[in-house]
Amino acid sequence: MPIGAVTVWPSKEALTRVGVPRVRTALDCLLAGGLATWLVATAYTAGVFHGWRAVLPVLGMLCFGTALVFLHRWTVRRRLFPSLVLFLVIALLGVGASVAGAEATAALIWILAGALAVERLPIAPALGVWAGLSAALALANTEAFTEVGITMGAVLLGGFTLRLDAQARGAGFRLLAQERAARAAEAESAALAERARIAREIHDVLAHSLSAQLVHLEAARLQIEGGYDREQVLRRVVEARSMARQGLAETRQALSALRGQLVPVEDYLRELAVDGVRTEVVGEPRLLPTEASQAVRRVAQEALTNARKHAPGAGVSMRLEYARDEVTLEVRDEGTDAPGVDTSGTELAASGSGYGLLGMRERAELLGGTLEAGPALRTEDGAGGAPYGSGPPDRAEGKGFTVRLRVPV
């Protein structure tokens, strides 16, 4: 046993009756009542309590019960000095019973007090109290030292047994409390993660469609104020309405994803591939985990939005490849220097803050994947390009732009 253990109190859970079944509590109360009745009856049968002394056994038992109640309270609070004073009071009650001639009552009081001290006090004070009570019992029974030694040895072992039992019960309740705290923390963490996921979905769906609609509506307002042709203004309004419909469809897709009702990724990409966007699926399509599926969808959406912003009219291709342990999405546009690309009226290029792909990169990293974006990114693994950082995509010299997502599955 470690040296520091002799001065350590039992745990508070062990000193209280937390976790003790009600049946056990009822049996303990019944046992205590029967024991008190037997002690009082034994004192009266000794024949020395008569006359005014007849009240002494009852008074002594009331004092003993009161001392036990306060002893429980002070030991739970781990107050050593008041607890030792109460043990002294109990020992003196036994001395009084012995002097009055009720040796059996005195012996039982000392035995109970010894077991209680070993069970509830730190080891060193408990052994001191037990030794003092053993000495008192030996002095009261000078002709039976052997019996006293055996009895008090059994009291010591019994007290330690009760102490270990209470410690085990207290340890069980501490582990239960820790498990409950861990479950509460896990539930809170899961709730925060779910809130973050919903926030990402809201951003991915609404930020693109609303910002694009705002740009077109603002352009329509300026055209109306500037007296532009009706057809030009109508084109802006029609484009804003088209983006509103697309945003509504994407919102429904996001809600379906949150409910776990997702269409296959390749079908979603084909629906997303409008205005001449070429789509290619390589490998055997299969059902992807929800988070991986959402990452592919949102990166495709973000990349196509950026292509419409920075290279309107340029050819765009999407390539989805299923490998054994990962899925790769590559979105490539031909850039503003491609033949036939009209760079006029590109108000969308000024919208956005460049944090869309950064959010997609964070989403990919959470899944253990990677996101690369750059004007010189080639299709070979590790060739060209660089991981996307902060700020808007670099489209220097009007070159084409590639976004590549790899997600393990």
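Going by the structure above, here's the rest.
All values reported here derive from a predicted model rather than from experimental measurement.

Novice: Any chance you could explain empty space enclosed by the protein here in plain terms?
Specialist: Over the atoms a probe the size of a water molecule is rolled, and this reveals where empty space is left. Applying the stated rule across the entire model yields two cavities of 30 Å³ or more. There is about 60 Å³ of room inside the second largest cavity. Residue classes in the lining of the second largest cavity are distributed as six nonpolar, two polar and three charged.

Novice: Is there a simple way to explain the packing of helix H9 (residues 265-272) against helix H10 (residues 290-310) in this structure?
Specialist: In a pair of packed helices, the angle between the axes and the distance between the axes together describe the arrangement. The geometry of H9 relative to H10 is characterised by a closest axis approach of 10 Å and an angle of 15 degrees between their N-to-C directions. It follows from the interaxial angle that H9 and H10 lie roughly parallel. H10 is crossed by H9, and the crossing has right-handed handedness. Of the residues in H10, those touching H9 at Val265, Tyr268, Leu269 and Leu272 are Ser293, Val296, Arg297, Arg298, Ala300, Gln301 and Leu304. Of the residues in the contact of H9 with H10, the class split is seven nonpolar, two polar and two charged.

Novice: What should I look at first to understand the pattern of salt bridges in this one?
Specialist: Two side chains with opposite charge may pair up if their charged atoms get near one another. One pass over the structure, following the stated rule, counts 15 salt bridges. Linking Arg319 and Glu280 is a salt bridge whose minimum nitrogen-to-oxygen distance equals 3.9 Å. In this pair, Arg319 sits in strand E2 (residues 316-322) while Glu280 sits in strand E1 (residues 278-282), placing the two residues 39 residues apart along the sequence. Look at Arg319 and you get partly exposed, because its relative accessible area is 31%. Classification of Glu280 by relative accessible area gives partly exposed; the value is 42%. With its nearest N and O atoms 3.0 Å apart, the salt bridge here joins Arg404 to Glu330.

Novice: For this particular structure, what's the right way to read the packing of aromatic side chains?
Specialist: The geometry of two aromatic rings is summed up by the distance between their centres and the angle between their planes. All told, the structure shown has zero aromatic pairs when counted by the stated rule. One cation-aromatic arrangement involves Arg77 over Trp74; the distance from NZ or CZ to the ring centre is 5.3 Å. The ring of Tyr268 is capped by Arg297, whose NZ or CZ atom sits 5.1 Å from the centre of that ring.

Novice: Is there a simple way to explain the pairing of strand E3 (residues 326-333) in this structure?
Specialist: Counting buried positions along E3 gives six out of eight residues, so the element sits mostly inside the fold. Remark: three residues form the turn of the hairpin made by E2 and E3, two consecutive strands paired antiparallel. Sheet topology places E3 next to strand E5 (residues 401-408); eight bridges connect them, and they run antiparallel. Bridge assignment links Leu329 to a residue of E5, and that residue is Leu405.

Novice: Even after reading the chapter, I still don't get the sheet that holds E1, so can you show me in this structure?
Specialist: Where strands meet in a sheet, backbone hydrogen bonds hold them as pairs that are either parallel or antiparallel. Spatial ordering of the open sheet is given by E1-E2-E3-E5-E4, a layout of five strands whose pairing is mixed. Every interior strand has two partners, whereas the edge strands, E1 and strand E4 (370-374), have only one. Strand after strand, the sheet turns through a mean of 10 degrees between neighbouring axes, direction not considered. Sheet topology note: the E1/E2 ladder contains five bridges and is parallel. Residue pairing for E2: Thr279 is matched across the bridge by Met318. Against the sheet, H10 engages E2, E3, E4 and E5, with an angle of about 5 degrees to E3.

Novice: What exactly am I supposed to notice about unusual backbone geometry here?
Specialist: Trans peptide bonds make up the majority, and among non-glycine residues the majority have a negative phi. Although it is not a glycine, Arg78 adopts a positive phi angle of roughly 60 degrees. With respect to the helices, strands and loops of the structure, Arg78 is situated in the loop between helix H3 (56-76) and helix H4 (80-99).

Novice: How do you make sense of a nonpolar patch on the surface when you look at a structure like this?
Specialist: A grouping of Leu88, Leu92, Val95 and Val99 is seen on the molecular surface, where their side chains present a nonpolar patch of about 390 Å² in accessible area. Mapping Val99 onto the fold places it in helix H4. Classification of Val99 as exposed rests on a relative accessible area of 71%.

Novice: Help me understand the pairing of E2 in this model?
Specialist: Walk down a regular strand and you will see the side chains alternate between the two sheet faces. Burial along E2 is one-sided: the residues Val316, Met318, Leu320 and Tyr322 are buried and none of Ser317, Arg319 and Glu321 is. At this point the chain moves from E1, through H10, to the parallel E2, and the crossover so formed is left-handed. The pairing of E2 with E3 spans seven bridges and is antiparallel. Looking at E3, one finds that Leu320 is bridged to Leu329.

Novice: What am I meant to see in the nonpolar core here?
Specialist: Counting residues in each nonpolar core, the largest one holds 35 residues, and the members touching the most others are Phe87, Ile90 and Leu121. Going through the elements one at a time, helix H2 (22-45), H3, H4, helix H5 (103-120), helix H6 (123-140) and helix H7 (145-225) are the ones with two or more residues in this core. Of all the elements, H5 adds the most residues to this core, at nine residues. Other than its neighbours up to four places away in sequence, Ile90 contacts Phe64, Ala67, Leu68, Leu71, Ile109 and Ala113. Core analysis: the next-biggest nonpolar cluster, separate from the first, contains 30 residues, Ala273, Ala295, Ala364 and Phe401 among them.

What counts, and at which threshold
- Residues numbered from 1 in each chain as written.
- Predicted model: local features only at pLDDT ≥ 70, side-chain atom pairs only at ≥ 80, totals over all residues.
- Heavy atoms only, no water.
- 1 Å grid on protein atoms, 1.4 Å probe; cavity = no way out; pocket = protein on both sides within 12 Å on 5 of 7 lines; lining within 4 Å.
- Points joined across faces, edges and corners; volume = space filled by probe spheres on them.
- Nonpolar A, V, L, I, M, F, W, Y, C, P; charged D, E, K, R; others polar.
- Axes fitted to C-alpha atoms, helices over the stretch in contact; angles between N-to-C directions.
- Helix = DSSP H or I, 4+ residues; strand = E, 2+ residues; numbered from the N terminus.
- Parallel < 35°, antiparallel > 145°, perpendicular 65-115°, else oblique.
- Left-handed = near helix turned anticlockwise from the far one by under 90°.
- Contact = heavy atoms within 4.5 Å.
- Salt bridge = Lys/Arg side-chain N within 4 Å of Asp/Glu carboxyl O.
- Buried < 20%, exposed > 50% of the residue type's maximum accessible area, 1.4 Å probe, protein only.
- Phe/Tyr/Trp six-rings, centres within 6.5 Å; stacked < 30°, edge-to-face > 60°.
- Lys NZ or Arg CZ within 6 Å of the ring centre and 35° of its normal.
- Pairing = 2+ DSSP bridges.
- Patch = residues over 30% accessible without salt bridge, like charges linked within 9 Å, V, L, I, M, F, W, Y side chains within 5 Å.
- Areas by Shrake-Rupley, 256 points an atom, 1.4 Å probe, with all protein chains shown as cover.
- Right-handed = clockwise from strand over helix to strand, strands pointing away.
- Core = buried A, V, L, I, M, F, W, Y, C linked by side-chain atoms within 4.5 Å.

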